Amino acid sequence: MNLTFAPPFALAAAAAAAAAPRVLVRASPRFLPLRSVAWGTAPTRRRAAIAAPAVATPSITRPPSPSLAAAACRGPPTMLSAAAGAGAKVGNSMMDVSKKGEFVRKASSFRDWVRADGSTRFAPAAGRYILYVSMACPWAHRTLITRALKGLESAIATVVVHPHMGEDGWHFVDAKGEAGDDSGRCEPEPLFGLKNVSQLYRKAKPDYDGRFTVPVLWCTQESTIVNNESSEIIQMLNSEFNEVAAKPNVELLPKDRADSILELAQSFYNNVNNGVYRCGFATTQEAYDKAFGELFGELDRLNEHLSTRRFMAGRELSLADVRLFPTLARFDAVYVQHFKCNKKQIKEYEHLHGFVRDMYQQSGVGETVDIGHIKRHYCTSHPTINKYGIIPNGPDLTDYFTAAVHRTGLTG
Ligand SMILES: N[C@@H](CCC(=O)N[C@@H](CS)C(=O)NCC(=O)O)C(=O)O
């Protein structure tokens with residue numbers, strides 16, 4: 001079975017944005033400019049236009065409270081502040097390790113919100129926002145799943161970075177493409193012709209000195225980053241873009257249960273979502289052992305939880321599922337060997353594996369899983385873990401995602 005998916009993914013800017021000035025992505029044999037949205041197989045795939053950055057509208061209301069971004073960026077200078085130039089070595093999150101050898105993830109910096117009620121300067125509109133993502137990144141994956149479930153493909157374009165994250169961080173392919181993008185999903189940076197994601201951050205904030213992470217929700221109108229925290233971006237995609245969503249009635253965070261769903265999702269963040277990284281990036285045996293124990297303790301609990309419930313919050317798919325699935329979907333393919341999470345594989349957990357298949361088989365979700373990018377990214381981007389960047393051939397994932405699943409009877 002071929003586990004790479006070319007089709008209905010990437011870029012579509014909305015017809016509704018037609019009034020805005022447009023830049024067409026450079027024509028190349030792989031990405032032909034197109035007037036209307038269309039999909040094709042990777043070699044002939046066409047890209048729709050993306051709204052060009054426009055001058056900020058002065059009448060737009062500022063958010064009542066200052067952006068958290070400003071506060072977050074006021075932290076102590078790091079080694080990154082010296083690396084201001086384009087293409088400079090930017091480091092990556094692997095370096096964020098405590099004296100005890102524990103991986104400590106930094107908080108995301110840009111925390112503004114798109115609001116449909118006009119309470120912030122970022123109003124929802126088709127074609128106004130772009131998601132910069134990596135197909136390999138589990139955090140970016142959440143945004144792709146939410147975008148697919150809400151039917152936002154035509155309203156919010158994506159730009160997919162190359163799976164290899166090197167010394168300059170994430171980078172964009174040029175018009176000729178680049179080896180390593182087996183599924184043909186990467187695209188040149190369409191707005192400014194940038195080489196690296198770090199340059200995008202510095203367009204938004206020239207003295208930015210945090211990590212240059214994906215996903216990034218970019219506003220073409222204000223030419224800035226709205227938000228780079230996946231757990232918040234998916235809330236916006238769920239509730240703030242309904243006017244331009246093809247599936248506005250899909251509700252992934254019902255108001256009456258929002259707090260409990262967010263708490264549920266938070267309950268497995270440290271030990272599972274971040275837990276696999278705490279295993280993989282640990283630099284002492286003690287730190288690894290702790291993370292490993294907590295990870296598998298939590299997976300046991302989640303397996304039990306999902307033995308009576310189809311989804312994390314019960315019968316309905318919610319943002320808690322969107323936050324769990326990307327980690328589980330990568331687990332057997334990379335975390336078991338690359339991050340040494342090898343006590344058990346997900347396929348040995350009956351209910352977790354059933355949940356993975358169920359999620360994968362939801363409309364539009366399978367197309368967001370790119371095992372080729374996932375394996376290439378992890379195995380080639382962490383030289384202290386895998387010095388020669390050899391990508392293991394296994395495991396055999398035939399039918400891993402697509403085998404029949406019988407979970408609709410779970411009513412808990
Ligand atoms: N808390 C962020 C984390 C995002 C994140 O760490 N993304 C990784 C990719 S998996 C990244 O871009 N890392 C770049 C780096 O390590 O510097 C979120 O949920 O959006």
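Residues numbered from 1 in each chain as written. Predicted model: local features only at pLDDT ≥ 70, side-chain atom pairs only at ≥ 80, totals over all residues. Heavy atoms only, no water.

If you check an unreviewed UniProt entry, the protein appears there as GST C-terminal domain-containing protein from Porphyra umbilicalis.

A.B. asks: I'd like a description of the sheet that holds strand 7 (residues 216-219), backed by residues and values.
C.D. replies: Taking strand neighbours across the sheet as the criterion, the four strands line up as 6-5-7-8 in an open arrangement whose pairing is mixed. Of all the strands in the sheet, the pair left with one neighbour each is strand 6 (157-160) and strand 8 (224-227). When strand polarity is set aside, the average angle formed by the axes of neighbouring strands in this sheet is 35°. Across four bridges, the pairing between strand 5 (residues 129-133) and strand 7 is antiparallel. Opposite Ile 130, over in strand 7, you have Trp 218 as the bridge partner. Helix 2 (residues 138-150) contacts strand 5 and strand 6 of the sheet and is inclined by roughly 135° relative to strand 5. (Pairing = 2+ DSSP bridges. Helix = DSSP H or I, 4+ residues; strand = E, 2+ residues; numbered from the N terminus. Axes fitted to C-alpha atoms, helices over the stretch in contact; angles between N-to-C directions. Contact = heavy atoms within 4.5 Å.)

A.B. asks: Tell me about the site of the ligand, and please be specific about residues and values.
C.D. replies: Close to the ligand lie 18 residues, the nearest being Ser 93, Arg 105, Trp 170, Glu 229 and Ser 230. Grouping the constituent residues of the shell around the ligand by class yields nine nonpolar, six polar and three charged. (Near = heavy atom within 4 Å. Nonpolar A, V, L, I, M, F, W, Y, C, P; charged D, E, K, R; others polar.)

A.B. asks: With reference to specific residues and values, describe the nonpolar core.
C.D. replies: Counting residues in hydrophobic clusters, the biggest one holds 106 residues, and the most contacted among them are Leu 299, Phe 325 and Phe 331. A per-element tally of this core places helix 9 (residues 319-338) first, with twelve residues. In terms of domain composition, this core takes at least three residues from each of domain 1 (15-59 + 108-244) and domain 2 (255-381). In this structure, Leu 299 is in contact with Val 272, Leu 328, Phe 331, Ile 346, Tyr 349 and Leu 352, ignoring residues within four places of it in sequence. (Core = buried A, V, L, I, M, F, W, Y, C linked by side-chain atoms within 4.5 Å. Buried < 20%, exposed > 50% of the residue type's maximum accessible area, 1.4 Å probe, protein only. Domains from an automatic or database assignment.)

A.B. asks: Outline helix 3 (residues 197-204), listing residues and values.
C.D. replies: Since the α-helix packs 3.6 residues into each turn, any two residues three or four apart lie on the same face. Of all eight residues making up helix 3, seven are buried, and the element is well covered by its neighbours. When helix 3 is considered as a whole, its buried residues turn out to be Val 197, Ser 198, Gln 199, Leu 200, Tyr 201, Arg 202 and Ala 204. Those residues of helix 3 hidden inside the fold are in contact with strand 5, strand 7 and strand 8.

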